[in-house]
Amino acid sequence: MSRFISPPGHRKIRERRIRRRRHVGHGDDVGVLERRLHAAIAKVSGDIERLAFNTAIAANMELLNSVSRFEDDTATGHAIRQEVFDSMVLMLAPIMCMT
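As the structure is a prediction and not an experimental result, all values here were calculated from the model.

Asker: Summarise helix 3 (residues 53-68); cite the residues concerned and give the values.
Answerer: Its 16 residues place the ends of helix 3 23 Å apart at the C-alpha level, agreeing with the 22 Å of an ideal helix rising 1.5 Å per residue. The complete set of buried residues in helix 3 reads Ala56, Ile57, Ala59, Asn60, Leu63, Leu64, Ser66, Val67 and Ser68.

Asker: Please set out the nonpolar core residue by residue, giving values where relevant.
Answerer: The biggest cluster of nonpolar side chains holds 22 residues, and the ones touching the most others in it are Leu63, Val84, Met88, Met91 and Ile95. Secondary structure elements with two or more residues in this core: helix 2 (30-49), helix 3 and helix 4 (75-98). When sequence neighbours within four positions are dropped, the list of residues in contact with leucine 63 reads Arg36, Leu37, Ala40, Val84, Met88 and Met91.

Asker: Explain unusual backbone geometry to me, and be specific about the residues and the numbers.
Answerer: The backbone of leucine 51 shows a phi angle near 60 degrees, a positive value even though the residue is not glycine. Relative to the assigned elements, leucine 51 resides in the loop between helix 2 and helix 3.

Asker: Give me the lowdown on the side chain of asparagine 60, citing residues and values where you can.
Answerer: Of note, asparagine 60 is situated in helix 3. In this structure, asparagine 60 is in contact with Val44, Met88, Met91 and Leu92, ignoring residues within four places of it in sequence.

Asker: Mind laying out the pattern of salt bridges, listing which residues take part and the relevant values?
Answerer: Summed over all chains, the structure comprises 2 salt bridges. Its salt-bridge partner being lysine 43, residue aspartate 47 comes within 3.2 Å of it at the nearest N-O pair. Of this pair, aspartate 47 and lysine 43 are both found in helix 2, 4 residues apart, which corresponds to roughly one turn of the helix. Judged by relative accessible area, which is 41%, lysine 43 ranks as partly exposed. A salt bridge links arginine 50 to aspartate 47; the nearest nitrogen and oxygen atoms lie 2.5 Å apart. Among the ionic contacts, a cluster of salt bridges with common partners joins Lys43, Asp47 and Arg50.

Asker: Report on the confidence of the model for the protein chain, specifying residues and quantitative values.
Answerer: The predicted coordinates should not be examined in detail at positions where pLDDT is low. Confidence in the prediction for the protein chain averages 82 pLDDT; 74% of positions are at 70 or higher. When pLDDT is averaged over each helix and strand of the protein chain, the minimum, 67, is found for helix 1 (residues 10-20) and the maximum, 94, for helix 3. Here residues 22-26 scores under 50 on pLDDT; set against residues more than four positions off or in separate chains, the count is 12 contacts.

Asker: Tell me about the packing of helix 2 against helix 3, and please be specific about residues and values.
Answerer: Where helix 2 contacts helix 3, the axes come no closer than 9 Å and their chain directions differ by 170 degrees. Classified by the angle their axes make, helix 2 and helix 3 are roughly antiparallel. Between helix 2 and helix 3, the contacting residues are Leu33, Arg36, Leu37, Ala40, Lys43, Val44 and Asp47 on the first element and Thr55, Ala56, Ala59, Asn60, Leu63, Ser66 and Val67 on the second.

Reading the values: rules and limits
Residues numbered from 1 in each chain as written. Predicted model: local features only at pLDDT ≥ 70, side-chain atom pairs only at ≥ 80, totals over all residues. Heavy atoms only, no water. Helix = DSSP H or I, 4+ residues; strand = E, 2+ residues; numbered from the N terminus. Expected span 1.5 Å × (residues − 1). Buried < 20%, exposed > 50% of the residue type's maximum accessible area, 1.4 Å probe, protein only. Core = buried A, V, L, I, M, F, W, Y, C linked by side-chain atoms within 4.5 Å. Contact = heavy atoms within 4.5 Å. Salt bridge = Lys/Arg side-chain N within 4 Å of Asp/Glu carboxyl O. pLDDT = per-residue confidence, 0-100. Axes fitted to C-alpha atoms, helices over the stretch in contact; angles between N-to-C directions. Parallel < 35°, antiparallel > 145°, perpendicular 65-115°, else oblique.

Listed below in structure tokens is the structure:
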């Protein structure tokens, strides 16, 4: 029976994401957050192809920091925030499966 082992730092990132999910901070608008999301997706895609998992995780942490500064509480703001969180899960999934 094999035991699933997550990469170093995964628990810390997950706990931060959960803590900050409801956090309202200062800063970004919807367009900036969408651009950062698409930049993170492109970066993580390249990093996974090169098996550079640490930098892929770092890109997700940067995206998490952007979400924590996002302060739009409208329906659009909630939708983009949910899109970012869903995308983060999908970006981290291949890394979790490889360990």
